[in-house]
Amino acid sequence: MEQLNNFYTPNGIHVYVDSPLNNKEIDLEKLISKVESTIPSHLLSEVEMVIVGWFDEFENRKINAFYKDGTLHISNIQDNMIDMYDDIVHEIAHSFEEPYGYEIYGDKKI
């Protein structure tokens, strides 16, 4: 059964697959469900959308995920579900830098 490439999560996050995942064993719907079940919804408040695909920034900056303007951009090239889960959680953490930047970095310990 083919996975959806454009859906909304129960928390209202829009998930869009721009380029298919290289690893057919990754169940994106199951993975996103795991993210939403393990991370409290108030910690997802800055995330409006997840786009899976390939972006120039990945090559230019030697990265495989980034957060920008309410959207998680996640590479479609993933080793496994744990690798992709890690990328998503990491980028969710970046979503707090703008609204809570002073609290995070204000003491200059980070």
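Summary of the structure given here. (Residues numbered from 1 in each chain as written. Predicted model: local features only at pLDDT ≥ 70, side-chain atom pairs only at ≥ 80, totals over all residues. Heavy atoms only, no water.)

1. Digging into the side chain of E36
Within the element layout of this structure, E36 appears in helix α1 (residues 28–38). With no salt bridge to any partner, buried E36 finds its closest opposite charge in K34, at an N-O distance of 14 Å. In this structure the side chain of E36 is engaged in a polar contact, spanning 2.5 Å, whose partner is the side chain of T9. Every residue in contact with E36, bar those within four places of it in the chain, is listed here: T9, P10, N11, I13 and L44. (Helix = DSSP H or I, 4+ residues; strand = E, 2+ residues; numbered from the N terminus. Buried < 20%, exposed > 50% of the residue type's maximum accessible area, 1.4 Å probe, protein only. Lys, Arg positive; Asp, Glu negative; His and termini not counted. Salt bridge = Lys/Arg side-chain N within 4 Å of Asp/Glu carboxyl O. Polar contact = N/O pair within 3.5 Å; in protein donor to acceptor, adjacent residues only side chain to side chain. Contact = heavy atoms within 4.5 Å.)

2. Section: the packing of aromatic side chains
Inspection of every chain in the model, using the stated rule, returns 5 aromatic pairs. Centroid distance W54 to F58: 5.1 Å. Interplanar angle 70°. Geometry classified as edge-to-face. Residue W54 is classed as partly exposed on the basis of its relative accessible area, which comes to 35%. For the ring pair F96 and Y100, a centre distance of 5.8 Å and an interplane angle of 40° mean the geometry is tilted. Judged by relative accessible area, F96 falls into the buried class, the value being 14%. Aromatic ring contacts, followed pair by pair, group W54, F55, F58 and F66 into a single cluster. (Phe/Tyr/Trp six-rings, centres within 6.5 Å; stacked < 30°, edge-to-face > 60°.)

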